[in-house]
Amino acid sequence: MTYFAPYIDKSGFHMPTYIDVRDKLIEDAKSIFGQDIYLGEDSQDYQWISTVSEKIYDAFQIAQHVYNNRGPNVAIGSGLDSIVKINGIKRKPAIYSKCKVIVSGIKETTIRNGIVTDKGNIKWDLPATVVIPESGELETIATCEIPGPIVANPGDITGIFNPTFGWNGVYNKESAILGSNIEGDADLRKRQSQSTAQASLTMLEGTSGAVAQVKKVRRSKVYENDTNLIDKRGLPPHSITAVVEGGEDKDIANAIWIHKGIGCFTNGDVTVKITDKKRQVTPIKFFRPTYVDIEATINIKKLNGYTTETTESIKRNLQTYLNAMDIGANLSLSALWGVALQAMPNLMDPMFSITSITAARVGETQKTEDIELKFNEVCRGNVNLIKANVV
């Protein structure tokens, strides 16, 4: 390519590369000072030209970002946040996982700013002040200190990080309510696209978009069976089936009721009765997702530069991927290979190689085969269930 002034046409914004800018400045310097001027890479004049070229290219790049931030398909960060406000939506913030725990000890013991830990040594905060009653046990809520979908299965939270005299123990009978990471640009673009479908296209897309926009809904999937028979998923005829994670039951039911269409049966194991202006009561049903804990084993051959932190990074990547999968999506083991490899900073200079990956639902025999999930199931990852064998 050769240098050209940045311009905009029907295909978008165009600008020269850093190399084009540098070469143009070198050409201009020679035309001013003579063709015999020395501008080798070790010369001071070349170093100055390189510095100026970098600054010019930086200015071109920011101009490109400004132009791209005009549309949701290519906008990023705060630019995308501003655009989606037109549709009445905003980026979903990070949510911290919460878990019911039983705190035990001597009656009337006061625990201030208590912190408990799970098997992975992740800290969970108790309320600012907890007073143990006469029974010696108190149920309260522990909030994870790390945002995102941090998993705590029954019996995982048993450690006391900051002991207090009279505080004897802690444990959780139930699984934690998963949090979520701050919504990424790709997910926000998808939700913006769904929001524009509510008033157009099909009723199914409108229903799906409305459910996705409900406050605190993290993931959702809406299926339709418009046949006279039960379909291959086991869904009843002439029905829609919504599977929704997060959000209030009443808000979700209202969104389905408004958009579902006349005479359409709603399928699910959660029922909310909606009363319209004529006092007619309509039962609206939907599902909450069933979490499928995945245990996996990855066998790794370490190469130059491999450290224990690399192992932890691989496990975290796998956990994050499993917790971000769509509802009803089957788990492809080939995808886990790709996710694990992302722990490598430079694929051109590999730090490790993967010899095999096996996975299964918790309690089942691990295999190298893909794992099929039902329409209302979703994968759940936990670093404590991911084993890495390094040789």
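Above this note sits the structure.
This report concerns the structure included in the present document.

How each quantity is defined
- Residues numbered from 1 in each chain as written.
- Predicted model: local features only at pLDDT ≥ 70, side-chain atom pairs only at ≥ 80, totals over all residues.
- Heavy atoms only, no water.
- Helix = DSSP H or I, 4+ residues; strand = E, 2+ residues; numbered from the N terminus.
- Rg over C-alpha atoms; globule rule 2.2 N^0.38 Å.
- Buried < 20%, exposed > 50% of the residue type's maximum accessible area, 1.4 Å probe, protein only.
- Expected span 1.5 Å × (residues − 1).
- Contact = heavy atoms within 4.5 Å.
- Pairing = 2+ DSSP bridges.
- Axes fitted to C-alpha atoms, helices over the stretch in contact; angles between N-to-C directions.
- Parallel < 35°, antiparallel > 145°, perpendicular 65-115°, else oblique.
- Left-handed = near helix turned anticlockwise from the far one by under 90°.
- 1 Å grid on protein atoms, 1.4 Å probe; cavity = no way out; pocket = protein on both sides within 12 Å on 5 of 7 lines; lining within 4 Å.
- Points joined across faces, edges and corners; volume = space filled by probe spheres on them.
- Nonpolar A, V, L, I, M, F, W, Y, C, P; charged D, E, K, R; others polar.

Our next topic: the overall build of the protein. Summing up its helical and strand segments, the protein has 8 helices and 19 strands in all. Here the protein has a C-alpha radius of gyration of 28 Å; the compact-globule value for 391 residues is 21 Å, and the former is much larger. Taking the principal axes of its C-alpha atoms as reference, the protein extends roughly 90 × 60 × 45 Å. For the protein, with 391 residues in total, the buried portion stands at 41%.

Right, let's get into helix α7 (residues 308–324). Given a rise of 1.5 Å per residue, 17 residues ought to cover 24 Å, and the 25 Å separating the end C-alpha atoms of α7 matches this to within 8%. Among the residues of α7, those classed as buried are Thr310, Thr311, Ser313, Ile314, Lys315, Leu318, Gln319, Leu322 and Asn323. Buried positions along α7 lie against β11 (217–225), β16 (290–302), α8 (333–341), β17 (352–361), β18 (377–380) and β19 (386–390).

Let us now look at the pairing of β16. Direction of pairing for β16 relative to β18: parallel, over a ladder of 4 bridges. Counted as the bridge partner of Tyr291 is Val378 from β18. By the bridge criterion, 9 bridges tie β16 to β17 in an arrangement that is antiparallel. Its bridge partner being in β17, Lys302 is matched across the sheet by Phe352. Where β16 and β19 come together, 5 bridges link them in parallel fashion.

It is worth spelling out the packing of helix α5 (residues 203–212) against helix α6 (residues 249–259) at this point. Orientation of α5 relative to α6, taken along the N-to-C sense of each, is 160°, at an axis distance of 9 Å. Here α5 is positioned roughly antiparallel relative to α6, judged by the angle of their axes. Every pair of crossing elements has a handedness; the one defined by α5 and α6 is right-handed. When α5 is examined against α6, the residues Met203, Gly206, Thr207, Ala210 and Val211 are found in contact with a partner set consisting of Ala255, Ile256 and His259.

Moving on, we get to the layout of surface pockets. Approximately 1100 Å³ is the volume attributed to the largest pocket. Looking at the largest pocket, it is lined by 37 residues, and the ones nearest its centre are Lys92, Glu183, Val217, Arg218 and Arg219. Elements that contribute at least two residues to the lining of the largest pocket include exactly α4 (185–197), α5, β11 and α7. Here the lining of the largest pocket takes 6 residues from β11, the largest share from any one element. Grouping the constituent residues of the lining of the largest pocket by class yields 12 nonpolar, 11 polar and 14 charged. As a volume, the second largest pocket reaches approximately 340 Å³. Around the second largest pocket, the lining is made up of 16 residues, and of these Ile177, Leu178, Arg218, Gly246 and Tyr291 lie nearest the centre. With 3 residues, strand β12 (residues 239–246) is the single largest residue contributor to the lining of the second largest pocket. Looking at the lining of the second largest pocket residue by residue, the class counts come to 8 nonpolar, 2 polar and 6 charged.

Sheet architecture is open: 3 strands sit in the order β11-β12-β13, paired in mixed fashion. With one partner strand each, in any of the chains shown, β11 and β13 (265–267) form the two edges of the open sheet. Direction aside, neighbouring strands of the sheet carry axes that sit 25° apart on average. Running at roughly 160° to β11, α5 makes contact with β11 and β12 of the sheet. Together, β11, β12 and β13 form the strand contacts of α6, whose direction differs from that of β12 by roughly 150°.

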